[in-house]
Amino acid sequence: HDATALPLLRGLNPEQLAAVTQPAEPALILAGAGSGKTRVLTTRIAWLIQTGQVSPGGILAVTFTNKAAKEMLTRLGTLLPINLRGMWVGTFHGLSNRFLRAHWKLAGLPQAFQILDATDSVSAVKRVVKALGIPEERCPPKPASWAIANAKEAGLRPGQLPIHDELSRWHAEIYAAYEDQCAREGVVDFAELLLRTVELLEREPALRTHYQQRFRHVLVDEFQDTNTLQYRWLQCFAPPPARGEAPGQGVFAVGDDDQSIYAFRGAQVANMADFEQLYRVRQVVKLERNYRSHGNILDAANHLIANNSRRLGKNLRTEAGAGEPVRVQESATDFAEAQWLVDEARQLHREGSPRKEIAVLYRSNAQSRVVESALFNAGLPYKVYGGLRFFERAEVKHALAYLRLIENPDDDTSFLRVVNFPARGIGARTLEQLVDAARASGRSLHQAIDAVPGKGGASLGAFRKLVEGLREATAGLTLREIIEHVVEASGLADHYRAEKEGEERLENLGELVNAAEAFVTQEGFGKDAIALPVDELGPAAAGSAPIAPGTLAAPRSADEPLAVAPAAPGPLTPDAETGEIISPLAAFLSHASLEAGDNQAQAGEDAIQLMTVHAAKGLEFDQVFITGLEEGLFPHENAMSDSDGLEEERRLMYVAITRARKRLYLSFSQSRMLHGQVRYHVKSRFLDELPEGALKWLSPRQAGFGHGSPYGSGGAGHWRGDSGRSGGDSGRREREPGASWGHRASEAPATPPSWLGAAQAQAAAASTGA
Ligand code: ATP
Ligand code: MG
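As named in an unreviewed UniProt entry, the protein chain is DNA 3'-5' helicase, taken from Aquariibacter albus.

Have a look at this one:
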């Protein structure tokens, strides 16, 4: 039979078909936006499985966001009506977590290790800085935590950091003490997940061989955004073929150099060229037909990106016809811009567009607030991605902290978060005593409680009792019951009931229960302890035979046990003996740390989509608004001084434009309130780089600056108040660790108004009820 004539291949163009049905060898697909890269990658997985070339367990596919990973699984689910659980599809961090859960012991981790998200990690660093007596003003914790993440992403451990001045010496000291602290508390941060995985695989050849033989096909989407550590990670699972040898695995990398937007966080476009060389790719596949966007939109994108000098070079064409012109709108103020946007969006919805097909993109999170309040006032449901994530809300973090303490009482970060929340009379002095005692004896806070004398010690003892009580009372309960019990018995529920604005917080705690419920259903975790996906270790995982180096045979199917030759216990006795069972609670807690704000709107609710351009990578919408197209904002002021920075901003703009299928709006405003400052902007240079013929100006062209602005006129075309440049924004383009699954722009998230959640819920209820 002809394996290229299967129904799932129908509709692919010849280049796509060739890419999908390539032989199992290293392949690089280099193609522009909307050319079907992700579709080709997904279809290839389906095709490989359907033609029996590989079982789901033999697939490893990495994407950049949780959202993308989920989408891929959904698409595969519709293409293939089979159980896909053995397949590894996820983000670098998610898959590293999965790997380390299976090999925690070998990796030197406690079985119930917990994951610190970016904020947890900063507060952990802060404690270290304090403990070391380093002056916080001169060595602030946030940059220190970035330095640690950078070091880890470069593969460096504390002793290996270059020291050239006082600050770098402090950073090295902090890094070392931070590592000790994490080890003591049984926690890992995001970068650690990857580095541990890489170090373990590089150290243990048998383990490496095992995974390399298991994963017959390794696939990576958005390859242009991999950083050094991720590339190294990839090489552990799929090493480049040795000279003169046939490639052992299919390695399938897809990417677009024009969409590389994480260079500021260490991503290396050069990895693409390196991959081609190192893996001896025989022919780089190019896809040149764009299936996403109408002609005018694509013209705009092509024109814009032609202004970049460092490109690998490819073309994009469409057969969709010119379509509508790209609409350009100028407003006097950000409020006027938001109002215009709301009117336009409402009109689109009236004309039949689903709200979820309308996206509002912006360069920086701080821009979303004005749009949010306009949408809210208009009663239009919307969903914000990558703002304050659900799992980052204070009340949710408090509840999670209690849950973590049940799992691991030595988790000092969680301990400190809730030891006196709700207030139980444990003062700062008592805590200081406790911290000192713990430090002096090298124990966790929980273990050091008895060292605190007097009344303070008694209150701490009561807290310990509380946590122990929670653990006992929740043993054997379902995840839902556990969370409900903890929220009540910890006193959190009563605390928020008594609080004036506590209602919304209570709702969010209810939402946490829903999130847990959804997690249980999605992951198929029942009431009983679940087996983690160490199925691949076969009988060895069941605890009978240890794995000795060189004795593994390739798995032929996901469910089929590995052939393991009986051997003397070697260094590779799998942790799975004791490690394959973790509680649904532990699984849910890692999920909570890894998951970005996917829970902000009810699933399936038809809502307008708000996100940064970074977060929009890989997605598509019928209608797209790109707002704030102003010099200093987009391109971002911190990137305007050097050509590398500017080219990255332009790639970002290219990503933004190419998200649109049918209609694209570009908008800018003469003045804008940002970070408490009114700023006066000129329109973005990117607007001038677009083909005039593809544009249609909605507002009168080039209206005078300063007119009709409620902010008054002053310094038209200039920044007003230079302090806005330094302030809280300085260093914004420094790498923010752990943001790759948080979809953050390189800026701190705007804090939504406190009334938003409840009000949004009301608006949603009103609109569905009507
Ligand atoms: P990006 O660079 O933005 O990630 P991409 O190259 O991954 O884009 P896809 O998202 O895979 O592109 O595809 C873009 C759109 O085009 C999708 O809606 C996809 O279903 C559609 N598409 C791709 N190939 C074809 C085809 N041969 N026939 C019809 N539609 C196609
Ligand atoms: Mg894609």
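For the protein chain, the count of helices and strands is 29 helices and 18 strands. Long-range contacts, defined here as pairs at least 24 residues apart, represent 80% of the contacts in the protein chain between residues at least 6 apart.

Here we take up the UniProt feature "binding site: ATP" (unreviewed entry) in the protein chain. Per the UniProt annotation, the sites labelled "binding site: ATP" (unreviewed entry) are Ala-31, Gly-32, Ala-33, Gly-34, Ser-35, Gly-36, Lys-37 and Thr-38. Within the secondary structure, Gly-32 is located in the loop between β1 (27-31) and α2 (37-50). With 26 C-beta atoms counted inside 10 Å, the residue Gly-32 sits in the buried group. For Gly-32, the contacting residues outside a window of four places in its chain are Asp-256, Asp-258, Asn-290, Lys-314 and Leu-316. Structurally, the position occupied by Ala-33 is in the loop between β1 and α2. By C-beta crowding, Ala-33 is classed as buried, having 23 other C-beta atoms within 10 Å.

What follows deals with the site of ligand 1. Around ligand 1, the surrounding shell holds 19 residues, and the nearest of these are Gly-36, Lys-37, Thr-38, Arg-39 and Tyr-291. When residues of the shell around ligand 1 are assigned to their parent elements, the largest contribution, three residues, is made by α2. Of the residues that constitute the shell around ligand 1, the class distribution is four nonpolar, ten polar and five charged.

Turning to the pairing of strand β16 (residues 660-674), a few remarks are in order. Among the 15 residues that make up β16, 13 are buried, leaving the element largely enclosed by the rest of the structure. As paired strands, strand β9 (residues 326-333) and β16 are joined by six bridges and run parallel to one another. Within the sheet, the bridge partner assigned to Gln-329 lies in β16 and is Ser-667. Of the pairings in the sheet, the one linking strand β15 (residues 621-626) to β16 comprises five bridges and is parallel in character.

On to the sheet that holds strand β8 (residues 285-287), then. An order of β3-β2-β6-β7-β1-β8 is seen for the six strands of this open sheet, with the pairing classed as parallel. A single partner strand is all that each edge strand has here, and the edge strands are β3 (88-90) and β8. When the angles between neighbouring strand axes are averaged without regard to direction, this sheet yields 15°. Across four bridges, the pairing between strand β2 (residues 59-62) and strand β6 (residues 217-220) is parallel. What sits directly across from Ala-61, in β6, is Leu-219. Running at roughly 140° to β3, helix α4 (residues 92-102) makes contact with β2 and β3 of the sheet.

The next subject is the nonpolar core. Counting residues in each nonpolar core, the largest one holds 125 residues, and the members touching the most others are Ile-29, Ala-61, Val-125, Ala-399, Leu-403 and Ile-483. Counting 63 residues, the second largest nonpolar core, distinct from the first, contains Ile-261, Ile-297, Leu-361 and Ala-374.

Glancing now at unusual backbone geometry. With the exception of glycine, the majority of residues adopt a negative phi angle, and the majority of peptide bonds are in the trans configuration. Going from Phe-421 to Pro-422, the amide bond is cis rather than trans, its omega being -5°. Along the polypeptide, Pro-422 turns up in the loop between α16 (412-418) and α17 (428-441). Note that the residue after Phe-634, namely Pro-635, is joined by a cis bond; omega there is 10°. Within the fold, Pro-635 resides in the loop between β15 and α27 (643-657). You will see that Glu-222, though not glycine, has its phi angle at about 55°, which is positive. Here Glu-222 lies in the loop between β6 and α10 (228-237).

Once that is clear, we can look at the environment of Phe-215. Structurally, Phe-215 can be placed in the loop between α9 (205-214) and β6. Considering only alpha carbons, one finds Phe-215 and Ala-399, 184 residues apart in sequence, at a separation of 38 Å.

What follows is about the confidence of the model for the protein chain. Per-residue pLDDT for the protein chain averages 80, and the proportion of residues at 70 or more is 80%. A low-confidence stretch, residues 525-580 stays under pLDDT 50, and its non-local contacts, those more than four residues away or across chains, total 105 contacts. Long-range and interchain partners of residues 703-770, a stretch whose pLDDT sits below 50, account for 136 contacts in this model, where long-range means more than four residues apart. Interface confidence for the predicted complex, expressed as ipTM, amounts to 0.99; the pTM equals 0.75.

Viewed as axis vectors pointing N to C, α17 and helix α19 (residues 454-474) meet at an angle of 80°, and their least axial separation amounts to 10 Å. Regarding the angle of α17 to α19, the classification is roughly perpendicular. Residues Arg-429, Thr-430, Gln-433 and Leu-434 of α17 pack against Gly-456, Ser-459 and Leu-460 of α19. For the contact of α17 with α19, a count of residues per class yields two nonpolar, four polar and one charged.

The next thing to look at is helix α20 (residues 479-489). Among the residues of α20, those classed as buried are Leu-479, Ile-482, Ile-483, Val-486 and Val-487. The buried residues of α20 occupy one face: seen down the axis, they fall within an arc of 125°. Just downstream of α20, Gly-491 is the residue with a positive phi angle, here 95°.

Another point: the environment of Gln-224. Position of Gln-224 among the secondary structure elements: in the loop between β6 and α10. Separated by 44 residues in the primary sequence, Gln-224 and Gln-268 have C-alpha atoms spaced 6.9 Å apart. For Gln-224, the residues in contact, after removing those within four places along its chain, are Gly-255, Asp-256, Asp-257, Gln-259, Ser-260, Val-269 and Met-272.

Now for the pairing of strand β14 (residues 608-612). Of all five residues in β14, five are buried; the element is thus mostly enclosed. Of the two faces of β14, both are covered, the one formed by Ile-608, Leu-610 and Thr-612 as well as the one formed by Gln-609 and Met-611. The pairing of strand β10 (residues 358-362) with β14 spans four bridges and is classified as parallel. Paired with Tyr-362 across the two strands is Thr-612, which belongs to β14. Note: strand β11 (residues 382-384) against β14, three bridges, orientation parallel. Residue pairing for β14: Tyr-382 is matched across the bridge by Ile-608.

Attention now moves to the packing of helix α6 (residues 141-153) against helix α7 (residues 166-185). At their nearest, the axes of α6 and α7 sit 10 Å apart, and the two run at 75° to each other. By the angle between their directions, the pair α6 and α7 is classed as roughly perpendicular. Taking contact as the criterion, the partners of Ala-144, Ala-147, Ile-148 and Ala-151 in α6 are, on α7, His-171, Ile-174, Tyr-175 and Tyr-178. Classifying every residue of the contact of α6 with α7 gives seven nonpolar, one polar and no charged.

With respect to the helices and strands, the residue Thr-478 is situated in the loop between α19 and α20. When the 18 C-beta atoms within 10 Å are taken as the criterion, Thr-478 is described as partly exposed. Each C-alpha atom, one on Thr-478 and one on Glu-517, is 9.6 Å from the other, the two residues being 39 residues apart in sequence.

We now examine α7. A rise of 1.5 Å per residue sets the reference length of α7, with its 20 residues, at 28 Å; its end C-alpha atoms lie 28 Å apart and thus fit the reference within 8%. Among the residues of α7, those classed as buried are His-171, Ala-172, Ile-174, Tyr-175, Tyr-178, Gln-181, Cys-182 and Glu-185. Those residues of α7 that are buried are in contact with α5 (118-132), α6, β5 (187-189) and α16. Looking one or two residues past α7, Gly-186 carries a phi angle of roughly 70°, positive in sign.

About the cut-offs
Residues numbered from 1 in each chain as written. Chains lettered and ligands numbered in written order. Predicted model: local features only at pLDDT ≥ 70, side-chain atom pairs only at ≥ 80, totals over all residues. Helix = DSSP H or I, 4+ residues; strand = E, 2+ residues; numbered from the N terminus. Contact = placed C-beta atoms within 7 Å. UniProt positions renumbered as here; feature names shortened; annotations may be inferred. Buried ≥ 20, exposed ≤ 12 C-beta atoms within 10 Å, placed from the backbone. Near = placed C-beta within 6 Å. Nonpolar A, V, L, I, M, F, W, Y, C, P; charged D, E, K, R; others polar. Pairing = 2+ DSSP bridges. Axes fitted to C-alpha atoms, helices over the stretch in contact; angles between N-to-C directions. Core = buried A, V, L, I, M, F, W, Y, C linked by C-beta atoms within 7 Å. pLDDT = per-residue confidence, 0-100. Parallel < 35°, antiparallel > 145°, perpendicular 65-115°, else oblique. Arc of directions from axis to C-beta. Expected span 1.5 Å × (residues − 1).

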